[in-house]
Structure formats: structure tokens, C-alpha cells
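Fold and contact review
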Amino acid sequence: MLLLSLLMASTTPLPEMIPLDHKTLLGRTAPDFDLEDNKGGRFVLSKQRGKPVVIAFWASWCGPCQDELPALVQLAKRYPKVKFIAVNVDRNSSSGRRFMERLRLRMPVAFDPQNKALAQYDVASMPTSYIVDRKGTVKFRKVGYNKRDGLTQLRNALEAMR
């Protein structure tokens, strides 16, 4: 019986962490969300129609996010006609606020402590970024960040939309 189990285990493929057939939002209308922002107001995605939006999902416990967010601040300066929003997914928004203060980041932040937007955008790892075009269609998705490549793919996608 043990031998049979071992033989069957070697021929059964292991499950993927992210299924290959996961739903894609590319080319679809971006799911709307309404979240508290770091200025005491609300960020509502649908109210941004008419201008491109970069949505960057991040968490205070995410190492690569510490590198990506300052790079996003710099990129936002190069694209003043694009709305950049960093969506913090920590269960407690004070963790995200402390993180932003520690890194001295000045950019719009929305807080998603119940992970509703996170689920709508099928985010499986941090950081994950999207570009939504002027019409509200998802045009780009990028998972992860590394210092070597930086935001090259995101920048190229923004340039392609001009």
C-alpha cells in the first residue's frame, strides 16, 4: 500500500500556488472600490474616470514594498496626469500609516483592512500593481518588485498609453 501511494504521488502533479487558469482582469472594466484615504476622505475608483490610475497594493510587512513605494512616488512625479493610489491591505490601518511615516512617503494612500479591493483584484502576493485607463479598463498588471528592474514595466505600460 505504501509503495502504491508513493508511485501515485510521483505521477500526480503538485498544485500551483496561483492556478494557471486564474481569472484575469486585463481588458475588463476595473472593479470599483470605495476606501478611506490617508487625508480623512474617501478614494472611489469610479470617480477617477477620465484619467489613468495606477493602483499599487502593498502591506507594511512586505519587504519589496519598502523599495517599490519610494520608486512609485518618484514615478508619480514624472506622470502628473496619472492618478497614483497605494492601497494598504494591513488589517489595522495604523500599521500602514506608521510604515508610510517611517519611510517619509508622500503619496495618496487608501486603506483596505477588510481586503475587499484585494479580493476584487485577485491579489495573491505583494506588491501587485495595476493600470486602469481613462475609460476604466484594466490595461496592465504586475506582481512583485525587484531593485534591478524597478518600475520599468510599469513605466513602459504608461508610455504605451500616451
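An account of the accompanying structure is given in this report. Residue indices begin from 1 for each chain and proceed along its sequence in written order. The model is predicted, so local features are restricted to residues of pLDDT at least 70 and side-chain atom pairs to those at 80 or more, both for listing and for counting; the totals for chains, interfaces and linings are taken over all residues. With hydrogens and water stripped out, all remaining heavy atoms of the structure feed into the side-chain values.

1. Some details on the nonpolar core
Quick note on the threshold: Definition of nonpolar core: a set of buried residues of the types Ala, Val, Leu, Ile, Met, Phe, Trp, Tyr and Cys, connected through side-chain atoms within 4.5 Å. When a residue's accessible area, from a 1.4 Å probe over protein chains only, is under 20% of the maximum for its type it is buried; when over 50% it is exposed; and in between it is partly exposed. Helix and strand assignments come from DSSP, with helices taken as H or I runs of at least 4 residues and strands as E runs of at least 2, each series counted from the N terminus. Only heavy atoms matter for contacts: two residues are in contact if any of them lie within 4.5 Å across the pair.
Judged by nonpolar contacts, the single largest core of 48 residues is most densely connected at Ile55, Phe57 and Tyr121. In terms of residues, this core owes the most to one element, strand E3 (residues 53-58), which gives six residues. What Tyr121 contacts, discounting residues up to four positions off in sequence, is Leu25, Ala30, Pro31, Phe33, Leu45, Ile55, Phe57 and Tyr130.

2. A closer look at empty space enclosed by the protein
Formally: Using only the protein atoms, space was sampled on a 1 Å grid; points where a 1.4 Å probe fits but cannot get out form cavities, open sets with protein on both sides within 12 Å along at least five of seven lines form pockets, and lining residues are those with an atom within 4 Å of a point. Grid points are joined across faces, edges and corners, and a volume is the space filled by probe spheres set on the points.
Taken as a whole and judged by the stated rule, the model has one cavity of 30 Å³ or more. What the largest cavity holds in volume is close to 50 Å³. Together, Ala30, Leu45, Gln48, Arg49, Lys51, Val53, Val132, Asp133, Arg134 and Gly136 line the largest cavity.

3. Quick look at the layout of surface pockets
For the record, the criterion: All amino acids are sorted into three groups, where Ala, Val, Leu, Ile, Met, Phe, Trp, Tyr, Cys and Pro are nonpolar, Asp, Glu, Lys and Arg are charged, and the leftover types, Gly among them, are polar.
Put simply, the largest pocket is a space of about 190 Å³. Among the elements of the structure, helix H3 (93-103) and strand E5 (109-111) are those that each provide at least two residues to the lining of the largest pocket. For the lining of the largest pocket, the element with the most residues is H3, which contributes three residues. Classifying every residue of the lining of the largest pocket by side-chain character gives five nonpolar, one polar and four charged. Approximately 150 Å³ is the volume found for the second largest pocket. What lines the second largest pocket is Pro52, Tyr79, Pro80, Lys81, Val82, Arg134, Leu158, Met161 and Arg162. Split into classes, the residues belonging to the lining of the second largest pocket amount to six nonpolar, no polar and three charged.

4. A word on the pairing of strand E7 (residues 138-143)
Sheet faces and side chains relate simply in a regular strand, where the side chains alternate between the two faces. Inclusion rule: For two strands to be treated as a pair, DSSP must find no fewer than two bridges joining them.
Pairing between strand E6 (residues 128-132) and E7: five bridges, direction antiparallel. Each residue of the ladder has a partner; that of Val132, found in E7, is Val138. Hairpin connection from E6 to E7: five residues lie between these consecutive antiparallel strands, with Gly136 at a positive phi of about 95°.

5. A few points about the packing of helix H2 (residues 63-78) against H3
Threshold: Axes, fitted as lines to C-alpha atoms, cover a helix only where it is in contact. Angles between the N-to-C directions of the axes lie from 0 to 180 degrees. By definition in this entry, angles of less than 35 degrees are roughly parallel, angles greater than 145 are roughly antiparallel, angles of 65 to 115 are roughly perpendicular, and the rest are oblique. A crossing counts as left-handed when the near helix is turned anticlockwise from the far one by less than a right angle, and as right-handed when that turn is clockwise.
Close contact between H2 and H3 brings their axes to 11 Å; oriented N to C, the two are set at 60°. As the angle between them shows, H2 and H3 are arranged oblique. H3 is crossed by H2, and the crossing has right-handed handedness. Counted together, Cys65, Gln66 and Leu69 of H2 and Phe99, Met100, Arg102 and Leu103 of H3 form the full contact between these two elements. A per-class count over the contact of H2 with H3 returns five nonpolar, one polar and one charged.

6. Points about the packing of aromatic side chains
What counts here: Ring pairs shown here join Phe, Tyr and Trp side chains whose ring centres sit within 6.5 Å, with only the six-membered ring taken for Trp; geometry is labelled stacked below 30 degrees between planes, edge-to-face above 60, and tilted in between.
Throughout the structure, instances matching the rule amount to six aromatic pairs. A centroid spacing of 5.9 Å and a plane angle of 80° characterise the contact between Phe33 and Tyr121, whose relative ring orientation is edge-to-face. You can see Phe33 sitting in the loop between helix H1 (2-11) and strand E1 (34-37) and its partner Tyr121 sitting in the loop between helix H4 (116-120) and E6, a full 88 residues away along the chain. Across the pair, Tyr121 and Phe33 agree in class, each one buried.

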